[in-house]
Amino acid sequence: TAFAVAAPAFADEDAELVINGEIEIVTKTTAPAHLEGHLTEIMSGWRFRSDDTQAMEMDDFDNPGMLGAEEGLAQFDTVMGSEGKACADCHDGVESLASVRPTYPKWNDAKEAVYTIQMQINDCLTERMGAEAEKYDSKKMLNFEAVLASVARGTPMNVAIDGPAQSTWEQGKEMYYTRFGQLDLSCANCHEQNYGNMIRADHLSQGQTNGFPVYRIKDNKLTGAHSRFKGCIRDTRAETFAPGSPEFVALELYVASRGNGLSVEGPSVRN
Amino acid sequence: MKRIATCFVVLGLTASAAMAEVAPGSIQFEEGAVAQSLTGTSGNPAEGRTIMTTKSVGNCVSCHAATDYADVPFAGEVGPLLDGAGSRWDEAQLRGLVVNPKMTFEGTVMPAFYKVDGFNRPGDAFTGKAAPADLPPLLSAQQVEDVVAYLMTLKDE
């Protein structure tokens, strides 16, 4: 029928994700305890994409996001800044940082603040390498994030929400349930109450961050979690927040914690 | 009288349309319904259909499907199917639903289409920037009337 031609290719919400025929990715699991009363099951955004988009993530040769990870790896070995150092001079290969992607955002004792991966890398760049800080969600930062995610694929998201991070987490939680903009919509209105539903041509997912950075086919490049949040809030006809803002750091911690138990799958592919 | 005169100048409206236009801040709700026409000019259902199904205007289709506009691709599923809405609700109730559905369905995700204040960080359309001081409603008074006129045509078989 005419409708079938116009309709978007529907996702197979029951498909399972195995990357390169070997890395098993948990894309659906029991929700963490803190979501009691909100969600019983958590699902990766991968489940909500069309068959074609899903397939692109099943093989690194078909995943354009892996080019970013390769560039990130090259950046890791590149000398940057006045101290003449590369990341690899201090860190024993990217694999030594495999615990980073599943556990960030994370409390940084020395800085007494919740730190995202990008904030941490900027500290290394500016305080240890004598280099310029990178702009939040710049291509270079997303390449670093992509390689740090790629070495952690298959490990469960496990951000800490208690201890010193708790108040930031609470702040993020409040934001998640706050309605923004002239359309008066919260993250939860779309991603908790309506996941699985179509909103115009978009199949709403749970808005999880386990797949970040995400290669968006529509933009032909990697997108960071904060840039995605920025777009979602903008789409409520609101004055949005900036990537790297304290609001988005808190929101990232909270949203990441909603995905505790899902595998890291970045760099992932989305439309 | 002075306010009405200012309206003429600012909006440059024709006398007949401006006379009766109810401002977003002056709407009288009665159990979610709005009895008084916002313009005094009856709505045009064909125009209402276009408003509802056009992304850059009402974009109701992003959340609602209806058999009558099944030709429009990508109808959403966030809101209920609108078939029979004109039988379930009377004109005043439909007007209230479009003006501000939160007066009928507490906590609904459906936006208010004729409301200009009380928002958290309102923006300037989809720019991500702060809203101007004189934020316009999502639909004009006449557009609301047109949408209501169209909804009234969605009768049960």
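Look up a bit, the structure's there.
Residues numbered from 1 in each chain as written. Chains lettered and ligands numbered in written order. Predicted model: local features only at pLDDT ≥ 70, side-chain atom pairs only at ≥ 80, totals over all residues. Heavy atoms only, no water.

S.K.: Before we go on, may I ask you to explain the interface of chain B and chain A in this structure?
M.R.: When the parts come together, some accessible area is lost, and that loss is often what is quoted as the size of the interface. Contacts between chain B and chain A engage 34 residues on the former and 28 residues on the latter. Broken down residue by residue, the surface that chain B buries against chain A is led by Phe74, Arg121 and Phe126 of chain B, which jointly contribute 28%. Where chain B touches chain A, the interface holds one salt bridge. Taking the shortest distance from any N to any O, the salt bridge between aspartate 184 of chain A and lysine 102 of chain B comes out at 3.1 Å. Inspection of the region where chain B meets chain A yields 13 residue pairs in polar contact (both at pLDDT 80 or more). Taken together, the residues of the side of chain B that touches chain A break down into 18 nonpolar, 10 polar and six charged. (Contact = heavy atoms within 4.5 Å. Buried area = accessible area lost by both parts, 1.4 Å probe. Salt bridge = Lys/Arg side-chain N within 4 Å of Asp/Glu carboxyl O. Polar contact = N/O pair within 3.5 Å; in protein donor to acceptor, adjacent residues only side chain to side chain. Nonpolar A, V, L, I, M, F, W, Y, C, P; charged D, E, K, R; others polar.)

S.K.: What is the right way to read the environment of serine 227 of chain A from this model?
M.R.: Residue and element names in this part refer to chain A. Structurally, serine 227 can be placed in helix α10 (residues 225–234). Linking serine 227 and glycine 244, residues 17 residues apart in sequence, is a C-alpha distance of 9.2 Å. The contact partners of serine 227, leaving out residues within four places of it in the chain, are Asp137 and Pro243. (Helix = DSSP H or I, 4+ residues; strand = E, 2+ residues; numbered from the N terminus.)

S.K.: In this structure, what is going on with the pattern of salt bridges? I would like to understand it.
M.R.: One pass over the full model with this rule turns up 16 salt bridges over all chains. We note a salt bridge from lysine 111 of chain A to glutamate 127 of chain A, for which the minimum N-O separation is 2.7 Å. Taken together, the residues lysine 111 of chain A in the loop between β5 (106–108) and β6 (113–115) and glutamate 127 of chain A in helix α6 (residues 117–128) connect sequence positions 16 residues apart. Lysine 111 of chain A sits in the partly exposed class, given a relative accessible area of 33%. Linking glutamate 91 of chain B and arginine 95 of chain B is a salt bridge whose minimum nitrogen-to-oxygen distance equals 2.6 Å. A residue pair is termed a helical-turn pair when its members lie 3 or 4 positions apart in one helix, as glutamate 91 of chain B and arginine 95 of chain B do in helix α5 (residues 91–99) at four residues. With relative accessibility at 38%, the residue glutamate 91 of chain B sits in the partly exposed group. Here arginine 95 of chain B falls in the buried class, since its relative accessible area comes to 0%. (Buried < 20%, exposed > 50% of the residue type's maximum accessible area, 1.4 Å probe, protein only.)

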